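# Chain and residue survey
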Amino acid sequence: MVVGTYRSNEVGEEHALARTIGNIKAANRKVVVDIPLGNLKPDNVNDLVATVLRQQEENVRTLSDIVKDKTLGNPFHAISFMQALEHEGLLSFNFGSFKWSWDVEKINAKYVTANVADLMTQKLQALQPEAQTVLEIAACIGCEFDQRSLQLASKAFPSEFERSAIEKYTGTNHCIEATLGESLNEGVLRKVDSSTYCFVHDQIQAAAFCLVPEEDRQSLQARIGKSLVDLAVPNELESLLLVAIDLCNCDPSVFSTSLEDKVSLVSLNLRAAMQAMQNSAFVSAASYCTSGIEALALGGVSFVNHRQLYIDLYSLAAQAHYCRGDTDRMNECLDKMLCQSQSLSLTIEESFPLQMIRCKSLYVRHEYDEAWALAQRMLKDIGYKPFPSKVSMPYVVKELLKTKRMVKKYKDKIIDLPRMDDENRLRAVKIFRALQTLTFQHDQSLFPIVVWRWLRWTLRYGISGVNCVAVASHSVILLSMGDYTNAYELARISESLLERLKPMDQMAYAKLSTDGFVRPWREPVQKLISVSASNYEIGLSTGDTEAAMWHVLYVAVFSYIGGKNLLRLEDALGPQLEQIQFYQQDAVFNVLVPYRQTVLNLLGFSEEDPIVL
């Protein structure tokens, strides 16, 4: 059993811990029990006070009632309040009776309306003015910060701070070091390591932030962010990028003074979005892209002079919205660029990534004919022959025989195929990959035709990460033809290619064929449950939500076939279906719903008519 604790206000849905817990719940590999901890009840506060003062519970009731009233039962606040009472002399140790003593009337007289937040603010205001300023800047940077970050934020310090720092401490850096020491001694901060500090509690950070007048807070945050950007060297900025851009976005008008600053703000948001996408923080990535697009509206950043910046920003925004399941916002970004492609004079190279995202979104929403037409048009635009819309049996046999001959010729060489390096062919195989998914879901008579041409291209022109999917897909076709031995052998070749190339963005999708279709014919499905759960995590972490949701289906189906306890299986199916709906993967949802109904029927939980889903 593992027991862990965290503050819910510090762990958002994109936090690594939240994603890990979500993955465990979705895979149902372990039972996760959430136990929210609220404030202490009056009896608990009374027990806390009695324990701290080492007295009987009935003897501290008058004090504990005040503590509960002032702190609402928050444990940290309760301890802070008692420390404040001791500091003010209202709670003292009597060496005559060897007991703690207090005066209820004096406490109530002094703290008539005050709460702990007020007390913490008063504690901070008792520090030197320079220490207060340093804490204000630190609170804007975050709960944890280092001394170097405060130095990089120096352009945001008020001029009077600089004058005072020179007069009292011979310089800003010495002033920062001295005031950090004062804050440590007062119990406001604690050291994490030799150069890193953190507030002892998030409420103290909030109190330090509240020292800044409300009307100046956003401007100060943006000025701190700009100072970090201006003064940090490249390797420093890389580690501070997300902190800096979050601060900059608090008040973009700080960057409106020059065209260079405006372009910098847009570029920084694009870099932050790319970093967030690499960390699978798709909501954050979409937010950074939105901030970057809004920064374009500051004026002066024209498409003509900053063409690639526009295209990269809108492409990434569309991808981020797709990954988080927001197809409406995705289409807004695509329409902004593609609907004006002629007036913007977009080249094929520039419009291609936008068109690929549009094609993927169309078949996810079951607009198969539109997706097929777009993919065919894209093939034609880059100079390759489109696929036939209908095929006859002789045509299928001809394609099969051509493919069999090539596979037989290259079978022992597939793992050592050279890399495909022609940019135009790499674009074409990405279209093949989209058409493979489209035909498998909508028109399976064309599915082998797409896969076979794609596989022949791979054997003739070289391997790439995307082409691993062609090898895996052909193994599924062989399986459907009853050729289990060659299907399994080709699936193993596909896995060897994945191991060689390590194309993480294609890994989850390629394994749909090998782990979901082929391996269950040769290996126990119980073994494949954890494999599919791992593939799900890979898909989600790389933004391939479509493949991730299919692997969720495999986890459920293999668990059902493998004899998993039906009650535990039903507990997992609900959240799994909700997640599939969130990502708008209707095809997966429609396959999994009947399995859940079967489980409900077997458990006797179905309504009067067990065939009504």
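Use the structure listed above.
First things first, this report covers the structure right here in the doc. Once a new chain begins, its residue numbering starts again from 1 and follows that chain's sequence as written. Selection of residues for local features in this predicted model requires a pLDDT of at least 70, selection of side-chain atom pairs for listing and counting requires 80 or more, and totals for whole chains, interfaces and linings are taken over all residues. Calculation of side-chain values draws on the structure's entire complement of heavy atoms; hydrogens and water are dropped beforehand.

## With respect to empty space enclosed by the protein
Note the cut-off: Here a cavity is any set of points on a 1 Å grid over the protein atoms alone where a 1.4 Å probe fits but cannot get out, and a pocket is any open set with protein on both sides within 12 Å along at least 5 of 7 lines; a residue lines the site when it has an atom within 4 Å of a point. Grid points are joined across faces, edges and corners, and a volume is the space filled by probe spheres set on the points. A run of H or I in DSSP becomes a helix once it reaches four residues, and a run of E becomes a strand once it reaches two; helices and strands are each numbered from the N terminus. Classification convention: Asp, Glu, Lys, Arg as charged; Ala, Val, Leu, Ile, Met, Phe, Trp, Tyr, Cys, Pro as nonpolar; all other residues, Gly among them, as polar.
Per the counting criterion, the structure on display carries 2 cavities of 30 Å³ or more. There is about 50 Å³ of room inside the largest cavity. For the largest cavity, the full set of lining residues is Y363, V364, H366, Q441, E546, W550, Q585, D586, A587 and V588. Secondary-structure elements contributing two or more residues to the lining of the largest cavity are α19 (348–364), α28 (545–561) and α30 (586–603). No other element matches α30, which puts 3 residues into the lining of the largest cavity. Among the residues making up the lining of the largest cavity, the classes are represented as 5 nonpolar, 3 polar and 2 charged. Each pocket or cavity is described by its volume, and for the second largest cavity that value is around 30 Å³. Surrounding the second largest cavity, Y322, G325, T327, V364, T545, Y583, Q584 and Q585 form its lining.

## Some words on the packing of aromatic side chains
Selection criterion: Only the six-membered ring of Trp is used, alongside the rings of Phe and Tyr, when aromatic pairs are assigned; centres must lie within 6.5 Å, and planes under 30 degrees apart are stacked while those over 60 apart are edge-to-face, with the rest tilted. Whether a residue is buried, partly exposed or exposed follows from its accessible area with a 1.4 Å probe, protein chains only, as a fraction of its type maximum: under 20%, in between, or over 50%, in that order. Two conditions define a charge sitting above a ring: the NZ of Lys or the CZ of Arg must be within 6 Å of the ring centre, and it must be within 35 degrees of the ring normal.
Taken as a whole, this structure holds 19 aromatic pairs when the rule is applied. When the ring of Y310 is compared with that of Y314, the centres are 6.5 Å apart and the planes differ by 20°; the resulting orientation is stacked. Of the two residues, Y310 and Y314 both sit in helix α16 (residues 307–323), 4 residues apart, roughly one turn of that helix. Like Y314, Y310 is buried. Here F440 and F517 contribute two aromatic rings whose centre-to-centre distance is 5.9 Å and whose plane-to-plane angle is 90°, an arrangement assigned as edge-to-face. Of this pair, F440 sits in helix α22 (residues 423–442) while F517 sits in helix α26 (residues 504–518), and the two are 77 residues apart along the sequence. Of the residues examined, F440 reaches a relative accessible area of 30% and is grouped as partly exposed. Three or more aromatic residues link up through ring pairs in this structure, and these residues are Y384, F387, F432, W457 and Y461. Its end group placed over the ring of F255, K226 keeps NZ or CZ at 5.8 Å from the ring centre.

## With respect to the environment of A139
Of note, A139 is situated in helix α7 (residues 129–141). The class of A139 is buried, set by a relative accessible area of 7%.

## Concerning α30
For clarity, the cut-off: A helix is expected to reach a length of 1.5 Å times the quantity of its residues less one. By definition in these notes, contact holds between two residues if any of their heavy atoms fall within 4.5 Å.
A rise of 1.5 Å per residue sets the reference length of α30, with its 18 residues, at 26 Å; its end C-alpha atoms lie 26 Å apart and thus fit the reference within 8%. All of the buried residues along α30 are A587, V588, L592, V593, Q597, V599 and L600. Buried residues in α30 make contact with α22, α28 and α29 (566–582). Positive phi shows up at G604, right after α30, with a value of about 80°.

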